[in-house]
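These are the residues of each chain, in order.
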Amino acid sequence: PFPIFALSVGRKVIQTLAENGLRQGENDLKIWAMCEIPANVLAVDEFAKFFDGFSIGSNDLTQLVLGIDRDSAELSDIFDEDNIAVKRAIKQALEGAHEFGLPVGLCGQ
């Protein structure tokens, strides 16, 4: 998996892989994308047209949904993956991917 912030980047990655002999669907090759930024969640239906699955990066998604630097010692006590906004983002990503029959993994905390 890898982070993709725009559909054009996703298309370019898939194209570049194909140009180098790694064609999506050939020899059962599946191309997944990281879902770790709000853009991935909000446009999951569009990203689902290009990818075979998603891996939700909960650490990065939490940081970007909450706008909190997870590496900051001063803010570590409020970095919370149980925050309702984070839970809603994860739920939206899951539901969006599942609407297209795509598998979803979760990495992070």
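Let me begin by describing the structure that accompanies this report. Throughout this document, residue positions are counted from 1 along each chain, in the order its sequence is written. Residue-level local features of this predicted model are given only where pLDDT is at least 70; pairs of side-chain atoms are given and counted only at 80 or more, and the full residue set underlies all totals for whole chains, interfaces and linings. The basis for every side-chain value is the complete set of heavy atoms in the structure, and neither hydrogens nor water enter the calculation.

## Concerning the overall build of the protein
By the criteria applied, helices consist of DSSP H or I runs no shorter than four residues and strands consist of E runs no shorter than two, each listed in order from the N terminus. Across its full length, the protein carries five helices and three strands. In the protein, the succession of α and β elements from N to C terminus is α-β-α-α-β-α-α-β. In terms of principal-axis extent, the alpha carbons of the protein reach across some 45 × 25 × 20 Å. Exposure is judged per residue with a 1.4 Å probe applied to protein chains only, and the accessible area is read against the type maximum: over 50% gives exposed, under 20% gives buried, and values in between give partly exposed. When the 109 residues of the protein are sorted by exposure, 32% land in the buried category. Residue contacts are counted whenever heavy atoms from the two residues lie within 4.5 Å of one another. Within the protein, residue pairs in contact and separated by at least 24 positions form 56% of the contacts whose partners lie at least 6 positions apart. Accessible area of the protein: about 6,400 Å², with a carbon and sulfur share of 52%. Charge-centre separation for the protein: the mean point of 9 positive side chains lies 8 Å from the mean point of 17 negative side chains. For accessible areas, the Shrake-Rupley method is used with a probe of radius 1.4 Å. Any residue's cover is judged against the shown protein chains and nothing else. Under the counting rule used here, the positive set is Lys and Arg, the negative set is Asp and Glu, and His together with the chain ends is not counted. Where a charge lies is defined by one atom per residue type, namely NZ (Lys), CZ (Arg), CG (Asp) and CD (Glu).

## Side note on the pattern of salt bridges
Each reported salt bridge corresponds to a side-chain nitrogen of Lys or Arg within 4 Å of a carboxyl oxygen of Asp or Glu. Counted under the stated rule, the structure contains four salt bridges. Across the salt bridge formed by Lys30 and Asp28, the nearest N and O atoms sit 3.3 Å from each other. On the accessibility criterion, Asp28 (57% relative accessible area) is exposed. In this structure, Asp60 and Arg70 form a salt bridge, with 2.7 Å as the shortest nitrogen-oxygen distance. Remark: Arg70 occurs in the loop between helix 4 (58–66) and helix 5 (84–99) and Asp60 occurs in helix 4; sequence separation between them is 10 residues. Given a relative accessible area of 32%, Arg70 falls into the partly exposed group.

## A closer look at the sheet that holds strand 1 (residues 32–35)
At least two bridges found by DSSP between two strands are what make those strands a pair. Strand order in the open sheet formed by three strands is 1-2-3, and the pairing between neighbours is parallel. Both edges of this open sheet fall to strand 1 and strand 3 (104–107), since each of them pairs with a single strand only. Strand-to-strand twist of the sheet, defined as the mean angle between neighbouring strand axes without regard to direction, takes the value 25°. Bridge count between strand 2 (residues 53–57) and strand 3: four bridges; the pairing is parallel. Along strand 3, the bridge assignment pairs Ile56 with Leu106. Lines fitted to the C-alpha atoms define the axes, with helices restricted to the stretch that makes contact. Angles between their N-to-C directions range from 0 to 180 degrees. Contacts between helix 4 and the sheet are confined to strand 2 and strand 3, with strand 2 contributing the most and set at about 65° to the helix.

On their own, these measurements won't tell you what the molecule is for.
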